[in-house]
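# Close look at the chain arrangement
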Amino acid sequence: APFDLFAAANVSFVDAAVKAGACDGATKAPYARGRVVVWVKKGTVAPPEKLEDLLDARFKRLSLANPEHAPYGAAAKAALEQAGLWSALEPRLVYGENVRTALQFAQSGNVDAALVALSLVVGDHDNPWLLVPDRLHPPLEQALVVCNRGGQRDGAKKFAELVASPEGRALMQRYGFVLP
């Protein structure tokens, strides 16, 4: 596809694009490390104070991105496994195609809570969320790369430079990312 820049929530996706010849490996750069949260819609159920609270009966259904292909879903699954909660919670899980869909399930009230990216909810001051300890899952190393088939290669390079600049790094932190 004629993309100018590819930014992925998993560095392996960028590596695959480079290996396939779609993107320029010389431009590959880490831009962030993601964090996972448990998000709850205000007024539906009492939010969890700790991850183990998800075992409570008030959390009948939980959503996360499909861990088979979504980086945040894989991290959420790893965190639940590491915390010893996966087996008990697995029957209650609803998988979204991606992390945004998992959040939408909770926003619509179709599930009681969602394990999603901090970057999706960091500015949400109306609904509660709980930060999942990052020691419970492998790091969500995110990277970007300039692609070969886009028509705005120079613009893509400038955008990548902006993300790596002090201004860009401050923006990434403001929107819930840890710097690489």
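Provided above is the structure to which this section pertains.
The structure contained in this document is the topic of the report that follows. What you see is a predicted model, and the numbers here were worked out from it, not measured in a lab. (Residues numbered from 1 in each chain as written. Predicted model: local features only at pLDDT ≥ 70, side-chain atom pairs only at ≥ 80, totals over all residues. Heavy atoms only, no water.)

### Considering helix 2 (residues 71–82)
The end-to-end C-alpha separation of helix 2 is 16 Å, in line with the 16 Å expected for 12 residues at 1.5 Å each. Within helix 2 the residues assigned to the buried category are Pro71, Tyr72, Gly73, Ala75, Ala76, Ala78, Ala79 and Leu80. Phi turns positive, to about 75°, at Gly84, one or two residues after helix 2. (Helix = DSSP H or I, 4+ residues; strand = E, 2+ residues; numbered from the N terminus. Expected span 1.5 Å × (residues − 1). Buried < 20%, exposed > 50% of the residue type's maximum accessible area, 1.4 Å probe, protein only.)

### A few points about the nonpolar core
One finds Val36, Val38, Leu51, Leu54, Leu80, Leu115 and Val116 to be the most contacted residues of the largest nonpolar core, which totals 46 residues. Excluding anything up to four places from it in sequence, Leu51 contacts Val38, Ala79, Leu80, Ala83, Leu85, Leu130, Val132 and Leu136. Formed by 8 residues, the second largest nonpolar core is a distinct cluster that contains Ala17, Ala22, Val145 and Cys147. (Core = buried A, V, L, I, M, F, W, Y, C linked by side-chain atoms within 4.5 Å. Contact = heavy atoms within 4.5 Å.)

### With respect to helix 4 (residues 99–107)
For helix 4, the full list of buried residues reads Val99, Thr101, Ala102, Leu103 and Ala106. In this structure, the buried residues of helix 4 make contact with strand 3 (36–39), strand 4 (62–65), helix 2, strand 5 (93–96), strand 6 (113–117) and helix 5 (118–121). N-capping of helix 4 is provided by Asn98, with a side-chain oxygen placed 3.0 Å from the backbone N of Arg100. One or two residues past the end of helix 4 sits Gly109, with phi positive at roughly 85°. (Polar contact = N/O pair within 3.5 Å; in protein donor to acceptor, adjacent residues only side chain to side chain.)

### With respect to the environment of Ala1
In this fold, Ala1 is placed in the segment before strand 1 (5–8). Since its relative accessible area comes to 58%, Ala1 is described here as exposed. In this structure the C-alpha to C-alpha distance between Ala1 and Gly150, which are 149 residues apart in sequence, comes to 7.8 Å.

### A few points about empty space enclosed by the protein
Over the atoms rolls a probe the size of a water molecule, and its path tells where empty space is left. For the coordinates displayed, the defined rule picks out 1 cavity of 30 Å³ or more. In this structure, the largest cavity occupies an estimated 40 Å³ of space. Of all the elements in the fold, those that place two or more residues in the lining of the largest cavity are strand 2 (29–34) and helix 6 (153–164). Of the residues that constitute the lining of the largest cavity, the class distribution is 7 nonpolar, no polar and 1 charged. (1 Å grid on protein atoms, 1.4 Å probe; cavity = no way out; pocket = protein on both sides within 12 Å on 5 of 7 lines; lining within 4 Å. Points joined across faces, edges and corners; volume = space filled by probe spheres on them. Nonpolar A, V, L, I, M, F, W, Y, C, P; charged D, E, K, R; others polar.)

### Remarks on the packing of aromatic side chains
Under the defined criterion, the tally for this structure stands at 1 aromatic pair. With a centroid separation of 6.4 Å and an interplanar angle of 65°, the aromatic rings of Tyr31 and Phe177 are classed as edge-to-face. Here the residue Tyr31 occupies a position in strand 2, and Phe177 occupies one in the segment after helix 7 (166–174), the gap between them amounting to 146 residues. Side by side, Tyr31 and Phe177 carry an identical accessibility label, which is buried. (Phe/Tyr/Trp six-rings, centres within 6.5 Å; stacked < 30°, edge-to-face > 60°.)

### Remarks on the sheet that holds strand 3
Strand order in the open sheet formed by 5 strands is 5-4-6-3-7, with mixed pairing between adjacent strands. Because the sheet does not close on itself, it has two edges, and the strands there are strand 5 and strand 7 (129–131). Within this sheet the neighbouring strands show an average axis-to-axis angle of 25°, counted without direction. The strands touched by helix 2 within the sheet are strand 3, strand 4 and strand 6, with strand 6 carrying the most contacts at an inclination of about 120°. (Pairing = 2+ DSSP bridges. Axes fitted to C-alpha atoms, helices over the stretch in contact; angles between N-to-C directions.)

### A few points about the pattern of salt bridges
Considering all chains together, one arrives at 5 salt bridges under this definition. Linking Asp24 and Arg153 is a salt bridge whose minimum nitrogen-to-oxygen distance equals 2.6 Å. In this pair, Asp24 sits in the loop between helix 1 (11–19) and strand 2 while Arg153 sits in helix 6, placing the two residues 129 residues apart along the sequence. (Salt bridge = Lys/Arg side-chain N within 4 Å of Asp/Glu carboxyl O.)

Honestly, it's all geometry; don't read function into it.
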